[in-house]
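# Survey of secondary and tertiary structure
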Amino acid sequence: MDVRGTVAAGWEPVRDAFLRNFEQRGERGAAVAVHRDGVKVVDLWAGTKDVDGEAVRAGGADAGGEASWAEDTAQVVRSATKGVAAAVPLLLHQRGLLDLDAPVAAYWPEFKAAGKDRATVRDLLAHRAGVPVLDRPLTLAEAADLPTATAAIAAQTPAWEPGTAHGYHAHTFSWLLSGLVHRVTGRTIGRWVAEEIAGPLGLDLWIGLPDAEARRVGRIGPVEEVEPAGSGALRLRPKRAVTEAYQDPDSLTRRAFGVIDPKPDENDPVYRAAELPGSAGVATARALSRFYAATLGPVDGAGRLFAPETLALARTEESAGPDRVLLVGTRFGLGHMLHGPASPLLGPSSFGHPGRGGSLGFADPDSGIAFGYVTNGMRKTVTADPRAQALVRAVGAVTGREPGRTGRRAGTARPGTGGG
């Protein structure tokens, strides 16, 4: 396997871990990037652009000369999109445009329907709004239409009293956040991210992929579960209740991951173009890492995104404990997942978000680390993919912050490869 890109001196263990993912864990195509204190120290890519493409031959050349993962290859990153999208309300709060403790209905009057009048912006961001499911799933066309989708979520009766419990809003987070941001700013969230985050920082990252960038995006798909013996990686051994919940069509778990029906083809240009900040963002690993680096401080001359007070908010726990959707203990801040057994990151200060089946982006303020990993091979993992975890452990070994093993039940698994 020809691994391309660069690593700074001392960061070779990350390259070694990246290579082992291809040799031992069934990786097909992927990229990883790491910044430390705003400086890029790892930028690697390898494999095929498409998960179902022809395998790259030794030396990096492929049969057609076009199937290899290139320096600018991007992929759908599923729920890793949430981590980028969560920065939007934090920045609106930073600018004095959004009160986190105000009722959502203060900005979005229709949202108070069906007993949600006391749900706050903080509840919405921390997965406490109580609307992880819809009584009637949406078609892809409906899900991609902002007025239709936000009207559906506003009218939905909550599954629990908002603010009293938390449960992962796997897909409905898209419309909750989109509806709020549109009413506060007058812009769609995809446009806001493009104009206020991706553009100024020079990120190859989109919530709503433009037609002009489609040529760069590879195909994602399922890959075989492979884990080398004695690797020390986190193993996914879901409780029976978790497995049964994914199989039960009436469970909150199954319904939360099935709110778009029929299940969309994530390689469909229509899906990629949809502004779904909970599941359909497209990015490079370099963009994810650079984005999170900018939340910590300046990057290559570009100004920092978060003021110190906002950075403190991003890393602060808002919800923790049993998750009514994932049925394991989860920790959330204001839209970001926090380091813990369900989503091991680098350490206690880390915040970010995994994408179901692989991708991961996060920041660790205590070490100055920002991390991005993107893959086209989707495994059954929900929050703790072994390939990403191997890379995180390598980063920890280099920085002296090797993550402790916070538990064997580190995620949930189910048949299929649905987004979220």
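See the structure printed just above.
A brief report on the enclosed structure follows. (Residues numbered from 1 in each chain as written. Predicted model: local features only at pLDDT ≥ 70, side-chain atom pairs only at ≥ 80, totals over all residues. Heavy atoms only, no water.)

### Quick word on the sheet that holds strand β7 (residues 282–283)
Strand order in this open sheet of three strands is β4-β7-β5, and the pairing throughout is antiparallel. The open sheet has two edge strands, β4 (75–76) and β5 (205–206), and neither has a second partner. As paired elements, β4 and β7 share two bridges and run antiparallel to each other. Bridged to glutamine 75 within β7 is alanine 283. (Pairing = 2+ DSSP bridges. Helix = DSSP H or I, 4+ residues; strand = E, 2+ residues; numbered from the N terminus.)

### A few points about the packing of helix α1 (residues 12–24) against helix α14 (residues 386–399)
For the pair α1 and α14, interaxial distance at closest approach is 8 Å and the crossing angle is 165°. With respect to each other, α1 and α14 are oriented roughly antiparallel. Where α1 crosses over α14, the handedness of that crossing is right-handed. Across the interface between the two elements, Pro13, Val14, Ala17, Phe18 and Asn21 of α1 pack against Arg387, Ala390, Leu391, Ala394, Val395 and Val398 of α14. (Axes fitted to C-alpha atoms, helices over the stretch in contact; angles between N-to-C directions. Parallel < 35°, antiparallel > 145°, perpendicular 65-115°, else oblique. Left-handed = near helix turned anticlockwise from the far one by under 90°. Contact = heavy atoms within 4.5 Å.)

### Remarks on the nonpolar core
Grouped together as the largest cluster of nonpolar side chains are 74 residues, with contacts concentrated most on Trp175, Ile197 and Phe306. With eight residues, helix α12 (residues 285–296) is the largest single contributor of residues to this core. Once you skip the residues sitting within four places of it in the chain, tryptophan 175 turns out to touch Trp108, Leu134, Leu138, Ala143, Ala149, Thr150, Ile153, Val259, Ile260 and Leu276. In terms of nonpolar packing, the next biggest core, distinct from the first, is built from 26 residues, Val14, Leu44, Ile369 and Val395 among them. (Core = buried A, V, L, I, M, F, W, Y, C linked by side-chain atoms within 4.5 Å. Buried < 20%, exposed > 50% of the residue type's maximum accessible area, 1.4 Å probe, protein only.)

### Focus: the side chain of threonine 330
Within the secondary structure, threonine 330 is located in strand β9 (residues 329–332). On the basis of relative accessibility, which here comes to 2%, the residue threonine 330 falls in the buried class. A polar side-chain atom of threonine 330 sits 2.8 Å from a polar atom in the side chain of histidine 166. Contact partners of threonine 330, with chain neighbours within four places excluded, come to His166, Ser319, Ala320, Gly321, Asp323 and Ala342. (Polar contact = N/O pair within 3.5 Å; in protein donor to acceptor, adjacent residues only side chain to side chain.)

### Focus on unusual backbone geometry
Cis peptide bonds are those with omega within 30 degrees of zero, and the linkage from aspartate 261 to proline 262 qualifies with 0°. With respect to the element layout, proline 262 can be found in the loop between α10 (252–256) and α11 (269–273). Unlike most non-glycine residues, aspartate 37 shows phi in positive territory, near 55°. With a relative accessible area of 60%, aspartate 37 lands in the exposed category.

### A word on the packing of helix α6 (residues 146–155) against helix α7 (residues 172–185)
Where α6 contacts α7, the axes come no closer than 9 Å and their chain directions differ by 110°. As the angle between them shows, α6 and α7 are arranged roughly perpendicular. Contact residues: Leu146, Ala149, Thr150 and Ile153 in α6; Thr172, Trp175, Leu176, Ser178, Gly179, His182 and Arg183 in α7. Split into classes, the residues belonging to the contact of α6 with α7 amount to five nonpolar, five polar and one charged. (Nonpolar A, V, L, I, M, F, W, Y, C, P; charged D, E, K, R; others polar.)

### Some points on the side chain of arginine 187
By the secondary structure assignment, arginine 187 is in the loop between α7 and α8 (189–201). At a separation of 3.1 Å, a polar atom in the side chain of arginine 187 contacts the side chain of glutamate 196. If we ignore the near neighbours within four places in the chain, the residues touching arginine 187 are Val181, His182, Trp192, Glu195 and Glu196.

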